[in-house]
Amino acid sequence: MARLATVVYRAGESPDDVIRSALDSIPGVRGYVQARREDGGLALLDLTDGALVPLGGPAGSGCRLDPAALDQAAAGLAAHLDPAPFLVVLNRFGDSEAAGFGFRPVLEAAVEAGIPVLLAVADTRLALWLAYAGEMGETLPCSREAVSDWAATFEKKSCR
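Note that this is a predicted model, so its numbers are computed, not measured. (Residues numbered from 1 in each chain as written. Predicted model: local features only at pLDDT ≥ 70, side-chain atom pairs only at ≥ 80, totals over all residues. Heavy atoms only, no water.)

Visitor: Teacher, can you tell me more about the environment of Ile26 here?
Guide: Mapped onto the elements, Ile26 comes out in the loop between helix H1 (15–23) and strand S2 (29–36). Look at Ile26 and you get buried, because its relative accessible area is 10%. Note: C-alpha distance between Ile26 and Ser148 (122 residues apart in sequence) is 9.7 Å. (Helix = DSSP H or I, 4+ residues; strand = E, 2+ residues; numbered from the N terminus. Buried < 20%, exposed > 50% of the residue type's maximum accessible area, 1.4 Å probe, protein only.)

Visitor: Honestly, unusual backbone geometry in this entry has me stumped. Any pointers?
Guide: Outside of glycine, negative phi angles account for most residues, and trans bonds account for most peptide bonds. In this structure, the amide linkage connecting Asp82 to the following residue, Pro83, adopts the cis form with an omega of 5 degrees. Within the secondary structure, Pro83 sits in the loop between helix H2 (67–78) and strand S5 (87–90).

Visitor: Please clarify how the side chain of Asp16 should be interpreted in this entry.
Guide: For Asp16, the position within the fold is in helix H1. At 2.9 Å, the side chain of Asp16 forms a polar contact with the backbone nitrogen of Gln34. (Polar contact = N/O pair within 3.5 Å; in protein donor to acceptor, adjacent residues only side chain to side chain.)

Visitor: Help me out: how do you make sense of the packing of aromatic side chains in this one?
Guide: How two aromatic rings sit relative to each other is set out by the distance from centre to centre and by the angle between their planes. Evaluated as defined, the whole model comprises 5 aromatic pairs. Taking the centre distance of 5.8 Å and the plane angle of 45 degrees together, the rings of Tyr32 and Phe103 count as tilted. Of the two residues, Tyr32 sits in strand S2 while Phe103 sits in the loop between helix H3 (95–98) and helix H4 (104–112), which places them 71 residues apart along the sequence. Taken as a pair, Tyr32 and Phe103 share a single burial class, namely buried. Ring centres 4.9 Å apart and planes at 75 degrees place the aromatic pair Trp150 and Phe154 in the edge-to-face group. Within this pair, Trp150 and its partner Phe154 are both found in helix H6 (residues 144–155), separated by 4 residues, close to a single helical turn. Here the two residues Trp150 and Phe154 agree in accessibility, since each one is buried. Following the ring pairs from residue to residue traces out a cluster consisting of Phe93, Trp129 and Tyr132. (Phe/Tyr/Trp six-rings, centres within 6.5 Å; stacked < 30°, edge-to-face > 60°.)

Following this line, the structure appears as structure tokens:
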């Protein structure tokens, strides 16, 4: 079974910066971290090519998350799981994923394929994650060192 871990973060912490800095020099990482567009709107930063994928309107435009955009980003990532990347990063495990939508199908496909998966979860949504992952998932503190150490366990086993 694939290794599955989440970076648990509190208000004011940036799991996205932690994940990017910890995995920046590792080849074969696919996925997204959360980002902001120039207009302040929510987006995903593609770790493969640096492209920003919009997830809603500009800041202050009402509902910040467009579920259709999230599903489209997830489908695009799912299409790139073969050949298997070294590691898959999913920006968050939140309400959408707890309900079976968003990145949850990608998470499940990656786990089934034996691909390690890393994602972030707010401490306020940790119960959702634990209810889903149970003993299958591991929690990491929001630190570069914790993420680097976790990813290094796969580098040692990999021929990359």
